[in-house]
Amino acid sequence: QGTFCRPDQDNFALYEGGFSHGRRHGEGTLYYTDDRSSFYEGHWVNGLRHGQGTIVYESGNTYAGAWENDRKSGFGEMSWESEGHSYRGQWRDDLPNGSGEYIWGDTSDDGKTTHKGP
């Protein structure tokens, strides 16, 4: 367990959590802004987001789910707050891929579109 802080205004980073061989490892939280409003909280392996975790972007958008080698991969849910949209389903290489459900916040019908990928 430990803390690492890079207070540079353009590249702020504050990490609190596990380390192994000088890298983020195990459970931990990386804050991307000094007010701690943008962060990733979850599992790390050798400095990369890997396993289950949640990220909150500066825009207010969120992703909660599986990560593999620092990319969204597996089952997860992304919410685009400003548009009122969300996607819940499978991901690969940071993109929706496979079975999932989009919910569009700006439609007059039920707003749901189901996608079944390959």
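This one's a predicted model, so the numbers in the text were calculated from it and none came from an experiment.

The rules behind the values
- Residues numbered from 1 in each chain as written.
- Predicted model: local features only at pLDDT ≥ 70, side-chain atom pairs only at ≥ 80, totals over all residues.
- Heavy atoms only, no water.
- Helix = DSSP H or I, 4+ residues; strand = E, 2+ residues; numbered from the N terminus.
- Buried < 20%, exposed > 50% of the residue type's maximum accessible area, 1.4 Å probe, protein only.
- Contact = heavy atoms within 4.5 Å.
- Areas by Shrake-Rupley, 256 points an atom, 1.4 Å probe, with all protein chains shown as cover.
- Core = buried A, V, L, I, M, F, W, Y, C linked by side-chain atoms within 4.5 Å.
- Phe/Tyr/Trp six-rings, centres within 6.5 Å; stacked < 30°, edge-to-face > 60°.
- Lys NZ or Arg CZ within 6 Å of the ring centre and 35° of its normal.

A.B. asks: I'd like to hear about the overall build of the protein, residue by residue, with values.
C.D. replies: What the protein contains, in helices and strands, is zero helices and ten strands. Counted from the first residue to the last, the protein has its helices and strands arranged as β-β-β-β-β-β-β-β-β-β. By the burial criterion, 33% of the 118 residues in the protein qualify as buried. If you take every contact in the protein between residues at least 6 apart in sequence, the share linking residues at least 24 apart comes to 2%. For the protein, the exposed area adds up to about 7,300 Å²; of that, 45% sits on carbon and sulfur atoms.

A.B. asks: Break down the nonpolar core for me, citing the residues and quoting the values.
C.D. replies: Membership of the largest hydrophobic core is limited to eleven residues, which are Ala 13, Tyr 15, Leu 30, Tyr 40, Trp 44, Ile 55, Tyr 63, Trp 67, Met 78, Tyr 87 and Trp 91. Counting only elements with at least two residues in this core, the list comes to strand S2 (13-20), strand S4 (39-45), strand S6 (62-68) and strand S8 (85-92). Sequence-distant contacts of Tyr 15, that is, excluding residues within four places in its chain, are made with Gly 2, Thr 3, Phe 4, Arg 24, His 25, Glu 27, Gly 28, Thr 29, Leu 30 and Trp 44.

A.B. asks: Give me the lowdown on the environment of Ala 13, citing residues and values where you can.
C.D. replies: One can find Ala 13 in strand S2. Residue classification places Ala 13 among the buried positions, given a relative accessible area of 8%. What Ala 13 contacts, discounting residues up to four positions off in sequence, is Phe 4, Cys 5, Arg 6, Leu 30 and Tyr 31.

A.B. asks: Before we move on, could you go through unusual backbone geometry and cite the residues and values that matter?
C.D. replies: The phi angle at Asn 46 is positive, at roughly 50 degrees, despite the residue not being glycine. Note on placement: Asn 46 falls in the loop between S4 and strand S5 (48-56). Here Asn 46 falls in the partly exposed class, since its relative accessible area comes to 43%. One non-glycine residue, Asn 69, adopts positive backbone phi at about 50 degrees. Of note, Asn 69 is situated in the loop between S6 and strand S7 (71-80).

A.B. asks: Just give me the short version of the packing of aromatic side chains, but keep the residues and values in it.
C.D. replies: In this structure the tally under the stated criterion is ten aromatic pairs. When the centroid spacing of 6.0 Å and the interplanar angle of 55 degrees are considered together, the rings of Tyr 31 and Phe 39 count as tilted. On the accessibility criterion, Tyr 31 (14% relative accessible area) is buried. Ring centres of Tyr 87 and Tyr 102 lie 4.7 Å apart, and the angle between their planes is 45 degrees; on these two criteria the pair is classed as tilted. You can see Tyr 87 sitting in strand S8 and its partner Tyr 102 sitting in strand S9 (residues 95-103), a full 15 residues away along the chain. Members of the aromatic cluster, each reached through a chain of ring pairs, are Tyr 15, Phe 19, Tyr 40, Trp 44, Tyr 63, Trp 67, Tyr 87, Trp 91, Tyr 102 and Trp 104. Between Arg 24 and the ring centre of Tyr 15, over which it is positioned, the NZ or CZ distance is 5.8 Å. When the ring centre of Tyr 40 is taken as reference, the NZ or CZ atom of Arg 49 above it lies at 5.8 Å.

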